[in-house]
Each structure stands twice: as C-alpha cells, then as structure tokens.
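# Structural description and commentary
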Amino acid sequence: MLALKFTWNPISGLDLGFITIHFYSLMFVVAFSLGFYLMKKMFIREGVAIEKLDSLFIYAVVSILLGARLGHVFFYQTELLWEDPLSVLLPFRFVPEFEFTGFRGLASHGAAIATIFGLYLYNKKVLHKSVLWILDRVVITCASGAVFVRIGNFLNSEMVGKVTDSNLGIQFVQDEISERRAVSLTNIPNPAQAYQALTSDPQFADVISTIPFRYPGQLMEAFGYVFVFLILFILYWKTDARKKSGFLFGLFLLLLMGVRFIVENFKREQVENREDWIFNLNTGQVLSIPFIIIGLYFVITSFTKKTSYEAS
C-alpha cells in the first residue's frame, strides 16, 4: 500500500547571494519552456511558420498569468479590490504593511478563461486559422504545464488537503506555522533558517508533533494531470484525433476539470468561510462544472461535424 506519512519542510529556493531562485517560480519556467518545445514540434509537423511561435508564447504567458491572478481575486479574494487594490496586479502587499509576496494567489479557472480569450486574439491577429485549431494543440501544453504548477504548489506548501489519519498524510510545517511564529519559537531572525531549525533541532519535536497530517492535494492533482497530458499527447501524435475540430480541446476541459472536481473533495478550503456554498460543493468544484459541460459539448460535436482539419 502506498504510504507517505512524512514531515514536509522544504527550503523555498536556491539562495545565490544576490538573488534567490524560488522553486515555485522555477516550476513556471519549466512549464512554459516545455510548452514552447511541444508547440514547436507541432508547428513543424503541421507546416506552420515557426516565426509565429514567439507571438503565441507572449499571448499565452500574459493571458495565463493575468487571468490566473484576476481569477483568484474575483473568485476567492474579492476584498482585495477595495482593501488593497495595488496588490491585485503587483507582487507586493501594501496592507497592513509593505511586503514582497510574489504572485501567490493564482486561480486555474481564471487562467483557463483568459487563455481562451488570448488565443482567440492570437489566432485573429497572427495565426489566421480556426481558433479551435490552436486550442486543440495548446491544451496539450497546458496539461503538461498544470503538472509542474501543482508540483510548485507542493514545494511552496500551498493548497494543502484536509486533515487525515490515512497513510497519505503529510505534515506541512510551513502551512501550519507562519514565518513570524517560526522566528518567535526559535529566536532565529531569518525565517528560512528558523523553519529548518524546527525540524532539525530535537527541542522542537513537541511543536512538530502538534502539526496534523493532511492529504497532499497538490500532488494528487498533479498525478491526475499527468494522465490527462499522456492521453492528449498520445491522441495527438498517434491517432487522427487532432483532425476532429474541438475534440482535444473538449477532452482537455472534461478530463482536467474532472480531476480538479474530484481532488477538491480532499483539499482544504482555499478561502475561509467561503467554501461549501452551494449543494455542499466548494468554489473550485462549482467553477469546474461549466468547463466540464463545455468540454462534453465539444467532444460530442466533434464527432457530429461533417468537416475536419486537413492535418498531416
């Protein structure tokens, strides 16, 4: 039987002295780099000018990051609009005090909406094909990227699961204990060093023992997304599924949001007192339902259309 049962207290990044490379940010770099590589292979296969790939990369990156941030604010943290509006689009917190936070609040549903809109603009201004043509291909890279983003969430101790006594439980030290408390407990002014002392120094064993074990919601989601990527990848490269307009796009929405809907049952609420608000479904599940329905629609209609792509 699969068993995890360990304490998770990672360093946040590589300290190079003049700059710290955060692992979460690094996962985004890996995701976008792999996506660029995969799209290049697809463009070459289908005879699309590689020069158009640079524009696609820009449209995709801007759409994903902007949509993910605005999605988090509108869906999960609307109070930022009036309490700390500058923090909506800047990697800083200004209330109650100034602090560099990075873009920690990102929502995949917002990224999905913005990406569709961004690719519509890209297709209209640059590619000049059917918008479903580019969507059917970009979703393969989105699926691979989603894996690394969720791994990044795990490295950042974000999006943790509900408390469990099962063998899948993990103690997330940095989720349970704030930086300020870690510094206070250890009397070490550097938060990173304070965190490491909590798990390396036996005198803090009692503190660690009070941290509950939780489902690794991020890893569960990443695991599911691996299969979504493999299914789409194989269907594109090994079958004629890529010729069915909208099929891969619809299947992506159906599978990815299906995984999200299921895993949400094991994840802790992202915003306190704002979950389980309709039919005992949380915000992530409610937002996933429209995407699942849209995905099912495109999968079905892709088989009823009389025309298909002239793909190689």
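Residues numbered from 1 in each chain as written. Predicted model: local features only at pLDDT ≥ 70, side-chain atom pairs only at ≥ 80, totals over all residues. Heavy atoms only, no water.

So, on to the confidence of the model for the protein. Close inspection of predicted coordinates is inappropriate in any region flagged by low pLDDT. Mean pLDDT over the protein stands at 87; residues scoring 70 or higher make up 89%. The least confident element of the protein, judged by mean pLDDT, is strand β5 (residues 99-100) at 64; the most confident is helix α10 (residues 217-238) at 97. (pLDDT = per-residue confidence, 0-100. Helix = DSSP H or I, 4+ residues; strand = E, 2+ residues; numbered from the N terminus.)

This brings us to the packing of helix α7 (residues 179-186) against helix α8 (residues 191-200). For the pair α7 and α8, the least separation of the axes is 8 Å and the interaxial angle reads 65°. Judged on the interaxial angle alone, α8 and α7 are roughly perpendicular. Like other packed secondary-structure pairs, α7 and α8 cross with a definite hand, here left-handed. Across the interface between the two elements, E179, A182, V183, L185 and T186 from α7 touch P191, A194, Y195, A197 and L198 from α8. (Axes fitted to C-alpha atoms, helices over the stretch in contact; angles between N-to-C directions. Parallel < 35°, antiparallel > 145°, perpendicular 65-115°, else oblique. Left-handed = near helix turned anticlockwise from the far one by under 90°. Contact = heavy atoms within 4.5 Å.)

Let's shift gears to the pattern of salt bridges. With the rule as written, the count across this model stands at eight salt bridges. Put simply, E221 and R150 hold a salt bridge, and the shortest N to O gap is 3.0 Å. Pair noted here: E221 is in helix α10 and R150 is in helix α5 (residues 131-155), with a separation of 71 residues, a long-range link. We note that E221, like R150, is buried. Salt-bridge contacts for R260 lead to E221; the nearest nitrogen and oxygen are separated by 3.9 Å. With R260 in helix α11 (residues 247-263) and E221 in helix α10, this residue pair connects regions lying 39 residues apart in the sequence. Per residue, the accessibility class of R260 equals that of E221, and both read buried. If you follow the salt bridges from partner to partner, you end up with R150, E221, R260, E264 and K267 in one network. (Salt bridge = Lys/Arg side-chain N within 4 Å of Asp/Glu carboxyl O. Buried < 20%, exposed > 50% of the residue type's maximum accessible area, 1.4 Å probe, protein only.)

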